[in-house]
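The residues making up each chain are set out below.
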Amino acid sequence: MQLNKLIKSNKRKIRVGRGIGSGKGKTSSRGHKGQKSRSGVSIKSFEGGQMPLYRRLPKRGFKSVKENKIAALNLSSIQRMFDKSQNKLQNSIDLKILKEKKLINKKYLKLKILGSGEIKKNIEIIANFASKNALEKVQKVGGKITITKK
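All figures in this text were calculated on a predicted structure; none of them were measured in a lab. (Residues numbered from 1 in each chain as written. Predicted model: local features only at pLDDT ≥ 70, side-chain atom pairs only at ≥ 80, totals over all residues. Heavy atoms only, no water.)

**Q** I keep staring at the pattern of salt bridges and nothing clicks. Help me out?
**A** Any two side chains of opposite charge can pair if their charged atoms end up close together. Overall, the coordinates contain two salt bridges when judged by the stated rule. Notably, a salt bridge pairs Arg56 with Glu47, separated by 2.7 Å at the nearest N-O pair. One salt bridge connects Lys137 with Glu118, and the closest N-O pair in it is separated by 3.7 Å. Of the two residues, Lys137 sits in helix H4 (residues 132–140) while Glu118 sits in the loop between strand E3 (110–114) and strand E4 (124–127), which places them 19 residues apart along the sequence. Judged by its relative accessible area of 18%, Lys137 is buried. On the basis of relative accessible area, Glu118 is assigned to the exposed category, the value being 54%. (Salt bridge = Lys/Arg side-chain N within 4 Å of Asp/Glu carboxyl O. Helix = DSSP H or I, 4+ residues; strand = E, 2+ residues; numbered from the N terminus. Buried < 20%, exposed > 50% of the residue type's maximum accessible area, 1.4 Å probe, protein only.)

**Q** Sorry, what's going on with the environment of Gly19 here?
**A** Within the fold, Gly19 resides in the segment before helix H1 (53–56). According to the relative accessible area criterion, Gly19 is partly exposed, its value standing at 35%. Gly19 has contacts with Lys24 and Gly25, leaving out every residue within four places of it along the chain. (Contact = heavy atoms within 4.5 Å.)

**Q** Would you mind going over a positive patch on the surface with me for this structure?
**A** On the surface, Arg12, Lys13, Arg15 and Arg18 cluster together into a positively charged patch. With respect to the element layout, Arg15 can be found in the segment before H1. Owing to a relative accessible area of 55%, Arg15 belongs among the exposed residues under this scheme. (Patch = residues over 30% accessible without salt bridge, like charges linked within 9 Å, V, L, I, M, F, W, Y side chains within 5 Å. Areas by Shrake-Rupley, 256 points an atom, 1.4 Å probe, with all protein chains shown as cover. Lys, Arg positive; Asp, Glu negative; His and termini not counted. Charge placed at Lys NZ, Arg CZ, Asp CG, Glu CD.)

**Q** How should I be thinking about the environment of Ile126 in this particular structure?
**A** You can see Ile126 is positioned in strand E4. A sequence separation of 26 residues divides Ile126 from Glu100, and the C-alpha atoms of the two residues are 15 Å apart. Not counting residues within four places of it along the chain, the set of residues in contact with Ile126 comprises Ile93, Asp94, Leu95, Leu111, Thr146 and Thr148.

**Q** Mind showing me how you'd approach helix H2 (residues 75–83) here?
**A** Structural remark: α-helix, 3.6 residues per turn; residues separated by three or four positions point the same way. Leu75, Ser77, Ile78, Gln79, Met81 and Phe82 are the residues of H2 that are buried. Of the surrounding elements, those touching the buried residues of H2 are strand E1 (70–74), strand E2 (92–93), helix H3 (95–100), E3, E4 and H4.

**Q** Could you clarify how one ought to interpret the nonpolar core in this entry?
**A** Nonpolar side chains tend toward joint burial in soluble globular proteins. Core analysis: the largest hydrophobic core is formed by 21 residues, its most contacted members being Ile78, Leu111, Ile113 and Ile125. Those elements that place two or more of their residues in this core are E1, H2, H3, E3, E4 and H4. At four residues, H2 tops the list of elements feeding residues into this core. Each residue touching Ile113, except ones within four places of it in the same chain, is listed here: Leu73, Leu75, Ile78, Ile125, Ala127, Phe129, Ala130, Ser131, Ala134 and Ile145. (Core = buried A, V, L, I, M, F, W, Y, C linked by side-chain atoms within 4.5 Å.)

Structural data, given as structure tokens:
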């Protein structure tokens, strides 16, 4: 063990700006004048007039301003809706009925039916879009999906 490499654990913090007798007074180790000597100034990303890094690097991707307002419903979630007795749904479903029963949010403008899960009841669904898998599964149990064009 080297004695000169011991670290003192109870070392006091240097308090700058407490008079010239302390050795860290007057300019408080900031030099004289200029932007960096003032408090509350940050010039972190400034590179001395050189083109900054965030402008040199290529920008990737695209964020659409228009929000996607399509409600996606799986067949399993439709079956779950029918299994619950409090909803009192008829044999037909469309976006308006789902909004009235508060089963989907009112912000959605279109409805898409997806084929995940199984459906046991033959129902008529009126939607804007439907997957091939969903169409096949609904027709297999005797139901029907009507696709509206809006």
